[in-house]
Amino acid sequence: NNKLKISNIKGHLADSQFNVNLDIVNVTGRPSVNGIIGLKEFDLSTINALMSYTIIPKNIKDTLNTVRFNEGKKINLNAKISHNRINAYTDLGGLSFIYTPLELPVKIINGSLIMRNNGLRLNKINLLADDMPILVDGEVYDLFNKQNFNLYFNSKPRQDFIDKYINKNIITHFFLF
């Protein structure tokens, strides 16, 4: 049959409440997911452990594996999924994570995230990347395939930040030759 229907599943996952109603077609091949996922007081660090499950599509795993969420920030989220396209909104204030390609700590002071279909809207996000303040506003289109960015950044980079996260590979390569 290759179909999976999950109806009215309510529970707790690592002290976070969830409610799931999903219809998944072609479970063993290329899954097509439709349904609703509700998260109440959900600790985003739980996502770190969920990345090992095979039911999560590879393109979503690849995107989420670039961040490692820190414990503590709890969000409320109601996501509607239609043919793997997610529509959701949440407030991001207080969220912190590590951007894994650079091991860069990020703390979001305030702002929100809106996901529509295959696009992501970052709405007036004020954050600290390490200890450098940054304002981000705009959209990312075609999120799970070939991303197209239309983002506004406002910051005043400091030399110690540039040396620590941008120039570190250049300095290493310079001394190797």
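Look a little higher up for the structure.
The sections below set out a description of the structure shown in this document. (Residues numbered from 1 in each chain as written. Predicted model: local features only at pLDDT ≥ 70, side-chain atom pairs only at ≥ 80, totals over all residues. Heavy atoms only, no water.)

### Some points on the overall build of the protein chain
Link 1 in the chain: For the protein chain, the count of helices and strands is four helices and eleven strands.
Link 2 in the chain: Among the 177 residues that make up the protein chain, the fraction classed as buried is 33%.
Link 3 in the chain: Once local pairs closer than 6 in sequence are excluded, the contacts in the protein chain between residues at least 24 apart make up 39%.
Link 4 in the chain: About 11400 Å² of surface is accessible on the protein chain, with carbon and sulfur atoms providing 57% of the total. (Helix = DSSP H or I, 4+ residues; strand = E, 2+ residues; numbered from the N terminus. Buried < 20%, exposed > 50% of the residue type's maximum accessible area, 1.4 Å probe, protein only. Contact = heavy atoms within 4.5 Å. Areas by Shrake-Rupley, 256 points an atom, 1.4 Å probe, with all protein chains shown as cover.)

### Thoughts on the layout of surface pockets
Link 1 in the chain: When its volume is computed, the second largest pocket comes out at roughly 330 Å³.
Link 2 in the chain: Around the second largest pocket sit Arg-30, Pro-31, Pro-57, Asn-59, Ile-60, His-83, Asn-84, Arg-85, Asn-117, Asn-118, Phe-144 and Asn-145, which together line it.
Link 3 in the chain: When the residues that make up the lining of the second largest pocket are grouped by side-chain class, the tally is four nonpolar, six polar and two charged. (1 Å grid on protein atoms, 1.4 Å probe; cavity = no way out; pocket = protein on both sides within 12 Å on 5 of 7 lines; lining within 4 Å. Points joined across faces, edges and corners; volume = space filled by probe spheres on them. Nonpolar A, V, L, I, M, F, W, Y, C, P; charged D, E, K, R; others polar.)

### What about the pairing of strand 5 (residues 74-82)?
Link 1 in the chain: A one-sided burial pattern is seen for strand 5, the buried positions being Ile-75, Leu-77, Ala-79 and Ile-81 and the unburied ones Lys-74, Asn-76, Asn-78, Lys-80 and Ser-82.
Link 2 in the chain: In this sheet, strand 5 lies alongside strand 3 (residues 32-43) in antiparallel orientation, the contact comprising seven bridges. The residue bridging Asp-43 from the neighbouring strand is Lys-74, located in strand 5.
Link 3 in the chain: Looking at chain direction, strand 5 and strand 6 (residues 85-91) are connected through three bridges and run antiparallel. Bridging from a neighbouring strand, Lys-80 pairs with Asn-87 of strand 6.
Link 4 in the chain: Hairpin remark: strand 5 followed by strand 6, antiparallel, with two residues in the connecting loop; positive phi at His-83, about 50 degrees. (Pairing = 2+ DSSP bridges.)

### Description of the environment of Pro-133
Link 1 in the chain: Relative to the elements of secondary structure, Pro-133 occurs in strand 10 (residues 132-141).
Link 2 in the chain: Separated by 18 residues in sequence, Pro-133 and Met-115 place their C-alpha atoms 24 Å apart.
Link 3 in the chain: The contact partners of Pro-133, leaving out residues within four places of it in the chain, are Leu-127, Leu-128, Asn-154, Ser-155 and Lys-156.

### Observations concerning the packing of aromatic side chains
Geometry of an aromatic ring pair is reported as the spacing of the ring centres plus the angle between the planes.
Link 1 in the chain: If you walk through the whole model with that rule in mind, you get two aromatic pairs.
Link 2 in the chain: Geometrically, the ring pair formed by Phe-161 and Tyr-165 is tilted, given 5.1 Å between the ring centres and 45 degrees between the ring planes. Here Phe-161 pairs with Tyr-165, and both are found in helix 3 (residues 159-166), just four residues apart, close to one helical turn. There is no split in this pair, since Phe-161 and Tyr-165 are both buried. (Phe/Tyr/Trp six-rings, centres within 6.5 Å; stacked < 30°, edge-to-face > 60°.)

### Focus on the side chain of Asn-118
Link 1 in the chain: Within the fold, Asn-118 resides in the loop between strand 8 (104-116) and strand 9 (119-129).
Link 2 in the chain: In this structure Asn-118 comes out as buried when scored by relative accessible area, which is 16%.
Link 3 in the chain: A polar side-chain atom of Asn-118 sits 2.7 Å from a polar atom in the side chain of Asp-142.
Link 4 in the chain: With residues near it in sequence (within four places) discarded, Asn-118 still touches Arg-85, Val-140, Tyr-141, Asp-142, Leu-143, Phe-144 and Asn-145. (Polar contact = N/O pair within 3.5 Å; in protein donor to acceptor, adjacent residues only side chain to side chain.)

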